[in-house]
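An overview of the molecular structure
This is what each chain is made of:
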Amino acid sequence: MIIPLLQGLKLTLKFFFTKKITMRYPEEKWEVAPRWRGRHFLTRFESGKIRCVACMLCATACPAECIRIVAAVEPDNRKYPEIYEIDLGRCIFCGHCVEVCPRHAIEMTPVYEISEYSREALILDKEALMTPPQERYVSKERKAG
Ligand code: SF4
Ligand code: SF4
């Protein structure tokens with residue numbers, strides 16, 4: 001009876017003095033690798049215009065078929081996405097959309113905290129995708145607070 005107890009205490013003492021590998025999430029967060037494929041971001045020119053020209057390459061290459069684009073044309077004949085949506089509930093974060101984009105118009109960010117309470121909320125529209133992810137999540141937290 002006493003031997004299993006001592007064995008248990010020995011194990012407890014061993015781990016008491018070893019380096020901790022757990023962290024106090026969410027107060028502490030993991031530093032992800034520089035090439036981490038997290039939540040997407042649609043980039044802009046310095047003028048503020050969206051870089052995307054609605055060529056549909058990303059939507060065509062997407063194996064999960066989770067990108068929806070509706071193209072429109074500006075008065076100067078430049079195409080742009082009137083609607084650009086990514087359904088993060090279907091996305092497998094493969095990065096194909098980023099690799100095929102000829103305009104560097106879509107990037108993946110280190111943001112991994114993208115959980116939501118409904119499937120609908122996981123569908124990011126153009127405005128959400130053009131908002132720097134940290135800003136979007138900070139403002140969401142502020143709203144919640
Ligand atoms: S990361 Fe992959 S699955 Fe997700 S939107 Fe891009 S191509 Fe589609
Ligand atoms: S994000 Fe890039 S690949 Fe996708 S439609 Fe826009 S320009 Fe084309």
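This text goes with the structure placed above it.
Let me begin by describing the structure that accompanies this report. Bear in mind the structure is a predicted one, so any value in this text is a computation, not a measurement.

1. Focus: the side chain of Thr-109
Mapped onto the elements of the fold, Thr-109 is located in the loop between strand S4 (106-108) and strand S5 (123-124). Residues contacting Thr-109, with those up to four places away along its chain left out, are Trp-36, Arg-37, Gly-38, Arg-39, Phe-41 and Pro-133.

2. Details of the site of ligand 2
Neighbouring residues of ligand 2: 14 residues in total, closest Cys-52, Cys-55, Met-56, Cys-58 and Cys-101. With respect to the detected pockets, ligand 2 is housed in the largest cavity. Per-class residue counts for the shell around ligand 2 are 13 nonpolar, no polar and one charged.

3. Observations regarding the layout of surface pockets
Counted as a void, the second largest pocket has a volume near 180 Å³. Along its surface, the second largest pocket is lined by Pro-34, Arg-35, Trp-36, Arg-37, Cys-94, Gly-95, Val-98, Glu-99 and Met-108. Split by residue class, the lining of the second largest pocket holds five nonpolar, one polar and three charged.

4. Side note on the site of ligand 1
Taken together, the neighbourhood of ligand 1 is formed by 14 residues, with Cys-62, Cys-91, Cys-94, Gly-95 and Cys-97 sitting nearest. When atoms are counted within 2 Å of each cavity's grid points, the one that captures over half of ligand 1 is the second largest cavity. Grouping the constituent residues of the shell around ligand 1 by class yields 11 nonpolar, three polar and no charged.

Calculation criteria
Residues numbered from 1 in each chain as written. Chains lettered and ligands numbered in written order. Predicted model: local features only at pLDDT ≥ 70, side-chain atom pairs only at ≥ 80, totals over all residues. Heavy atoms only, no water. Helix = DSSP H or I, 4+ residues; strand = E, 2+ residues; numbered from the N terminus. Contact = heavy atoms within 4.5 Å. Near = heavy atom within 4 Å. 1 Å grid on protein atoms, 1.4 Å probe; cavity = no way out; pocket = protein on both sides within 12 Å on 5 of 7 lines; lining within 4 Å. Sits in = over half its atoms within 2 Å of the grid points. Nonpolar A, V, L, I, M, F, W, Y, C, P; charged D, E, K, R; others polar. Points joined across faces, edges and corners; volume = space filled by probe spheres on them.

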